[in-house]
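# Descriptive structure summary
Below are the chains, spelled out letter by letter.
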Amino acid sequence: MQVIKFGGSSVASAENINKVVQIVTKKSGTEKLAVIVSALGGITDLLLQCAHLAATGNEAYKNTMQEIESRHLNTVKELLPVTQQSSVLSAVKKMCNEIEDICNGIYLLGELSDRTKDKIVSYGELLSSQIIAARFKAAELDVQWKDSRELIQTDSNFGAALVDFNVTNSNIAAYFSGSNHLLFILPGFIATDAHGITTTLGRGGSDYTAAIIAGAVNASVLEIWTDVSGMMTADPRIVTNIKLIPKISYQEAMELSHFGAKVIYPPTIQPVMSKNIPVWVKNTFAPEDEGTVIQNEAMKNGNAIRGISSISKISLISLEGSGMVGIPGFSKRLFEALANYKINVILITQSSSEHSICVAIDSVNAVQAKKAVDGAFAYEIETKKVEPLFVENDLAIVAVVGDNMKSHTGIAGKMFSAMGKNGVNIRAIAQGSSERNISAVIAVADVTKAVNVLHEAFFETTYKLVNLFIAGAGNVGGKLLAQLHQQLDYLKKSLRLNVRVVGLANSKKALLSDEGIDLSNWKALLADAPASTLGEYINNIINKNLRNTIFVDVTASDVVANCYNQLLQKSIGVVACNKVACSSAYSYYHQLKDSAREFNAKFLFETNVGAGLPVIGTLNDLVSSGDKINKMQAVLSGTLNFVFNNYDGKKSFASVVRQAQEEGYTEPDPRLDLSGKDVMRKIMILARESGEQIEMDDIANNSFMPESCMQGSVEDFYAEMEKQEEHFKAIYEAAAAKGNKLKFVAAYENGKAAVGLQHINPEHDFYHLYGKDNIVLFYTNRYPEQPLVVKGAGAGAEVTASGVFADIIRATA
């Protein structure tokens, strides 16, 4: 004999019921087949709504009742030929009248007991099963409808009744063995107590009904037909690239269903497990899909984890106090207090000091739990031996489950590391001695991110998803977006990185897309994006709470730089082309470095010095490996190097500077470059990275620019430089007369830093520095006389963007 169950979504409409008929017809033959059905999708909720409205004296229950009746009558009319509708419509009308009579009584009394509630919701399955049985009869199948209440007997715990298996198994075995029919339709979810009063098996109890019958008749198989193609590695509403679990053990299935997997009702496994009856989970809407089989042993697929699950709406209650230490009985009294109020405990954890014990419960019971526990420990609370029960709300549980976790080292470490790297704070942890489940209590706001992170860590051996939010869509930003677009396929194939730009903002607008912005059309999309402030953009980044998030700053804005700490403290990595943060007050620079360490977030700014050159990375490698930086000499301005390499007194100095700006080598305001301030920032950043605590005021600047050039607007600056041409020509000629070149040099030695224009002779390392090149000489304990040299193009949007790109890749590690 086979037992098949169809859930609410499978019988939600006439169209869906016809799919059920097709599936069952293919299976019908010489073997007996019991089909258990749920109420039409959504009807149980409507019945409860109707009862609650009536209990509160709200006459709107009559409208809800009308909706319930119409839904069933219309389903009959759509399913059955007109000639076969009359008796079924009459039966539906009769049951709907009974529901209405009960609700009228509830309305008059203003009272809704659990017993009455069970009576009302039982009509959902009674209606659906009789309608579906009529549809099978219309298809000329020899079908027998049977009321499950005549077979399954329970106690009188209305709402979640416990089955009396001795009586129930005997009833079921006798009924099916004594019947000559091959096809049976039964309502799920409902039963009766010893007095014949209707009870229910709890929400999701239709699965349980099917399992009870399967166990009682020693069925060859139990099939649960739903709206998904089996059990998945995670909730498909949370994780997009889930994987099917083809085979899973009974124990694993129970763990996953207990911790929120909605495919199967938790108690379902128990009646079939002892009989070793396989349970298939199949999809009504894709019947050819393989589905999942639940059996005694799961397949050994090399993965220690079978699935990831979660439960939201959890409260954590904590009892603690010095009076608990070494005193037996505190835990017993805590659980007794909860049990007396029928409060189910989901998770337990206790510190080894015995100073506290934490219990996770359903949030709906939190207020009652506090009342119960504070009452049970009233004397200890009054005498200060324990504290009043502490309740934390808005929590959730995430759990990783797998039989193969046992004796498999590193699972817990991998789990907590993955969540920690993404800023998911863990409030409590529990693991059973079976090592089949590791559970963690986290904030409910972090559930989506946590489940995705864990799924990526344990199941996605192909790609790691990286979410980028970019601030700045100017010259460098545009080049970066073009490089990202060009390399997306390479990153997937070679680095296993699925990089998505999910946010892009300029000073006026912000474009957001969780699925990723189309980088081939970003300019038009950004132009059509809504207006947004920087604060709104940063809040969106934080509130989206996406995993593996990196913020990329390709602006020169001090306002943007001031947001870094807020992001780092949310474990969001920061990649900064912007030099403002690292060249601001040392206290802020140090705070950012501390936040990055404390919150396990990357803070990378290689392009602050030398554009795409590996200057800071080389310096960090030297320091990290134990070397000491004694001296640094550098030409750090690609702009100034370009200008002095191209100025020979024949063209005006102003025209060469304008050429540098037009070719994208200067800051938006070229005076930052020519004043030496930008070079001061860079040598200060290098000094700080070498371990020096230094501020801008500590750096000497021997400027070559007349003060008059530094006043007014940028155009005033160019006009004044034309007036001062003789000054610039004299500087050039003084160097040329000695056979020297002009280079704007930054130097650091023994804690002192200075920048200024110098004459460079032909023997110097800086003499053959052409175009926009930068050069840095590191003199260290390991390189005392022959310095370590980093040299190359140090300006330009393309190379700067490539340096930012490289930092993004490093930030994903």
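Up top is the structure these notes are about.
Described below are features of the structure shown in this document.

Rules used throughout
Residues numbered from 1 in each chain as written. Predicted model: local features only at pLDDT ≥ 70, side-chain atom pairs only at ≥ 80, totals over all residues. Heavy atoms only, no water. Pairing = 2+ DSSP bridges. Helix = DSSP H or I, 4+ residues; strand = E, 2+ residues; numbered from the N terminus. Contact = heavy atoms within 4.5 Å. Axes fitted to C-alpha atoms, helices over the stretch in contact; angles between N-to-C directions. Buried < 20%, exposed > 50% of the residue type's maximum accessible area, 1.4 Å probe, protein only. Core = buried A, V, L, I, M, F, W, Y, C linked by side-chain atoms within 4.5 Å. Arc of directions from axis to C-beta. Salt bridge = Lys/Arg side-chain N within 4 Å of Asp/Glu carboxyl O. Parallel < 35°, antiparallel > 145°, perpendicular 65-115°, else oblique. Left-handed = near helix turned anticlockwise from the far one by under 90°. Nonpolar A, V, L, I, M, F, W, Y, C, P; charged D, E, K, R; others polar.

## Some points on the sheet that holds strand E18 (residues 464–471)
In spatial order, the strands read E20-E19-E18-E21-E22-E23; together these six strands make up an open sheet with mixed pairing. Every interior strand has two partners, whereas the edge strands, strand E20 (510–512) and strand E23 (603–604), have only one. In the sheet, strand E19 (residues 497–505) pairs with E20 via three bridges, with the strands oriented antiparallel. Paired with glycine 503 across the strands is leucine 512, a residue of E20. In the packing of helix H15 (residues 475–495) onto the sheet, the strands contacted are E18, E19 and strand E21 (549–553), and the crossing angle to E19 comes to about 155°.

## Describing unusual backbone geometry
Most peptide bonds take the trans configuration, and most residues that are not glycine carry a negative phi. Look at phenylalanine 189: it is not a glycine, yet its phi comes out positive at around 80°. On the secondary structure map, phenylalanine 189 appears in the loop between strand E5 (183–187) and strand E6 (190–193). On the basis of relative accessibility, which here comes to 5%, the residue phenylalanine 189 falls in the buried class. Residues other than glycine seldom take positive phi values, yet asparagine 545 does so here, at roughly 55°.

## Description of the nonpolar core
Phe551, Tyr564, Phe603, Phe653 and Met721 are the most contacted members of the largest nonpolar core, which totals 82 residues. At seven residues, the largest contribution of residues to this core is made by helix H25 (residues 677–689). Among residues more than four places away in sequence, those in contact with phenylalanine 603 are Tyr564, Leu568, Val574, Ala576, Cys582, Leu592, Lys593 and Ala596. By size, the runner-up hydrophobic cluster in this structure holds 55 residues, among which are Ala54, Leu126, Ile132 and Ile185.

## Thoughts on helix H21 (residues 615–624)
Residues of H21 that are buried include every one of Val615, Ile616, Thr618, Leu619 and Leu622, and no others. Seen end-on, H21 carries its buried residues on one side only, within an arc spanning 160°. With respect to the buried face of H21, the exposed residues turned more than 90 degrees away are Asp621 and Ser624. Where H21 is buried, its residues contact strand E24 (629–635), H25, strand E28 (773–780) and strand E29 (788–793). Phi turns positive one or two residues past the end of H21, at glycine 626, with a value near 100°.

## Here we look at the pattern of salt bridges
Summed over the entire model, instances satisfying the criterion amount to 26 salt bridges. Salt-bridge contacts for lysine 117 lead to aspartate 114; the nearest nitrogen and oxygen are separated by 4.0 Å. Placement of the pair is lysine 117 and aspartate 114 together in helix H5 (residues 114–138), with a separation of three residues, close to one helical turn. Residue classification places lysine 117 among the partly exposed positions, given a relative accessible area of 24%. With relative accessibility at 45%, the residue aspartate 114 sits in the partly exposed group. For glutamate 150, the salt bridge is made with lysine 146, and the minimal N-O distance between the two is 2.4 Å. Look at glutamate 150 and you get partly exposed, because its relative accessible area is 49%. Here the salt bridges share partners, and the residues they tie into one network are Lys579, Asp678 and Lys682.

## Some words on the packing of helix H1 (residues 14–27) against H5
Contact geometry for H1 and H5: axes closest at 11 Å, N-to-C directions at 55°. With respect to each other, H1 and H5 are oriented oblique. The element H1 and its partner H5 pack so that their crossing is right-handed. For the pair formed by H1 and H5, the contact residues are Ile17, Asn18, Val21 and Val24 on the first element and Ile132, Arg135 and Phe136 on the second. Split by residue class, the contact of H1 with H5 holds five nonpolar, one polar and one charged.

## Examining the sheet that holds strand E1 (residues 2–6)
The sheet built from eight strands is open, its strands ordered E3-E5-E2-E1-E8-E10-E11-E9 with mixed pairing. The sheet is open, and its two borders are formed by strand E3 (143–145) and strand E9 (247–249), each paired with just one other strand. Pairs of neighbouring strands in the sheet enclose a mean axial angle of 20°, with direction left out of account. Taken together, the five bridges between strand E2 (residues 33–37) and E5 define a ladder with parallel strand orientation. Paired with leucine 33 across the bridge in E5 is leucine 183. Here H1 sits on the sheet and contacts E1, E2, E5 and strand E8 (221–226); the angle it forms with E1, its principal contact strand, is near 175°. In this fold H5 packs onto E2, E3 and E5, with an angle of close to 160° to the strand it touches most, E5.

## Description of the environment of lysine 602
By the element assignment, lysine 602 lies in the loop between helix H20 (586–598) and E23. On the basis of relative accessibility, which here comes to 31%, the residue lysine 602 falls in the partly exposed class. Expressed as a C-alpha distance, the spacing of lysine 602 and valine 575, which sit 27 residues apart in the sequence, is 7.8 Å. Setting aside chain neighbours within four positions, we find lysine 602 in contact with Leu568, Gly573, Val574, Arg810, Ala811 and Ala813.

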